[in-house]
Amino acid sequence: MTTESTRCEFCKIEIPSETCKLAAYTTMIDGREYNFCCKICAEKYRRKKAK
Ligand SMILES: [Zn+2]
């Protein structure tokens, strides 16, 4: 199986790998790559983690 779906680290919504590259938002936090469904979730997660 080469198909893998990703989940948004914040809201846990499933992101199909095909859609991922186009719609999903990937960012590096503490040297690790995290996937999110959108930039808003990424910001919220980063803020939650920062405290
Ligand atoms: Zn999300």
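Residues numbered from 1 in each chain as written. Predicted model: local features only at pLDDT ≥ 70, side-chain atom pairs only at ≥ 80, totals over all residues.

### Brief notes about the pairing of strand 4 (residues 32–36)
A regular strand places its side chains so that they alternate between the two faces of the sheet. As paired elements, strand 3 (residues 25–29) and strand 4 share 5 bridges and run antiparallel to each other. For T26, the partnering residue across the bridge sits in strand 4 and is N35. Counted between consecutive antiparallel strands, the loop separating strand 3 from strand 4 contains 2 residues, among which D30 sits at a positive phi close to 55°. (Pairing = 2+ DSSP bridges. Helix = DSSP H or I, 4+ residues; strand = E, 2+ residues; numbered from the N terminus.)

### Quick look at the nonpolar core
Most often, soluble globular proteins keep nonpolar side chains buried together rather than apart. Ranked by size, the top nonpolar core spans 6 residues in total: F10, A24, F36, C37, C41 and A42. What F10 contacts, discounting residues up to four positions off in sequence, is F36, C41, K44 and Y45. (Core = buried A, V, L, I, M, F, W, Y, C linked by C-beta atoms within 7 Å. Buried ≥ 20, exposed ≤ 12 C-beta atoms within 10 Å, placed from the backbone. Contact = placed C-beta atoms within 7 Å.)

### Examining the environment of M28
Within the secondary structure layout, M28 lies in strand 3. Measuring from C-alpha to C-alpha, the distance between M28 and R46 comes to 9.8 Å, with 18 residues separating the pair along the chain.

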